[in-house]
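Structural features, examined
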Amino acid sequence: MSKPKKTLVPEARAAMTKFKLECAEEIGHLQYCKENNDHYKGDLPAKQNGMEGGPIGGQMVKRMIEAERQRFENTIE
């Protein structure tokens, strides 16, 4: 049985939600965020949920990697 997802730093929850909404808006998937759209999605197949929400997480990872890359390059100079 898996553990429920918890934010390691509780104060960061609001910042992560804001970040997620920014990324979703950037790629045009804002309507698929549960914070923006509180529709029941339990009847949807996993494939459809993945196609709707997966790109949001992917965009978040891309932006986090880019931010770390820039931070790393700034420390080298």
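See above for the structure.
Attention shifts here to the overall build of the chain. Across its full length, the chain carries two helices and zero strands. Relative to a compact globule of 77 residues, whose C-alpha radius of gyration would be 11 Å, the chain shows 15 Å and is clearly more extended. Seen along its three principal axes, the alpha-carbon backbone of the chain occupies a region of about 50 × 30 × 20 Å. Each of the 77 residues in the chain was classed as buried or not, and the buried ones make up 13%. Put simply, of all contacts in the chain between residues at least 6 apart along the chain, 48% involve residues at least 24 apart. Total accessible area computed for the chain in this model is approximately 6,600 Å², and 57% of it derives from carbon and sulfur atoms. Charged side chains in the chain number 13 positive and 12 negative. The centres of these two groups are separated by 7 Å.

In this section: the nonpolar core. The biggest cluster of nonpolar side chains holds six residues, and these are Phe-19, Cys-23, Ala-24, Cys-33, Ile-56 and Met-60. Elements represented by at least two residues in this core include exactly helix 1 (13-27) and helix 2 (46-76). Looking at which element gives the most residues to this core, the answer is helix 1, with three residues. In contact with Cys-23, not counting residues within four places along its chain, are Ile-56, Gln-59, Met-60 and Arg-63.

In this structure the tally under the stated criterion is five salt bridges. Glu-22 is the partner of Arg-63 in a salt bridge, and the nearest nitrogen-oxygen pair spans 3.6 Å. With Arg-63 in helix 2 and Glu-22 in helix 1, the pair connects residues that are 41 residues apart, well separated along the chain. A relative accessible area of 28% places Arg-63 in the partly exposed class. Where salt bridges share partners, they join Lys-18, Glu-22, Glu-26 and Arg-63 into one cluster.

Here helix 1 is 15 residues long and its end C-alpha atoms lie 21 Å apart, about the 21 Å a rise of 1.5 Å per residue gives. Listed as buried for helix 1 are Phe-19, Cys-23 and Ala-24. One side of helix 1 holds all its buried residues, which, seen down the axis, span an arc of 135°. Exposed and oriented more than 90 degrees from the buried face of helix 1 are Ala-14, Lys-18 and Glu-25. Packed against the buried residues of helix 1 are helix 2. At the exit of helix 1 stands Gly-28, carrying a positive phi of roughly 80°.

Analysis parameters
Residues numbered from 1 in each chain as written. Predicted model: local features only at pLDDT ≥ 70, side-chain atom pairs only at ≥ 80, totals over all residues. Heavy atoms only, no water. Helix = DSSP H or I, 4+ residues; strand = E, 2+ residues; numbered from the N terminus. Rg over C-alpha atoms; globule rule 2.2 N^0.38 Å. Buried < 20%, exposed > 50% of the residue type's maximum accessible area, 1.4 Å probe, protein only. Contact = heavy atoms within 4.5 Å. Areas by Shrake-Rupley, 256 points an atom, 1.4 Å probe, with all protein chains shown as cover. Lys, Arg positive; Asp, Glu negative; His and termini not counted. Charge placed at Lys NZ, Arg CZ, Asp CG, Glu CD. Core = buried A, V, L, I, M, F, W, Y, C linked by side-chain atoms within 4.5 Å. Salt bridge = Lys/Arg side-chain N within 4 Å of Asp/Glu carboxyl O. Expected span 1.5 Å × (residues − 1). Arc of directions from axis to C-beta.

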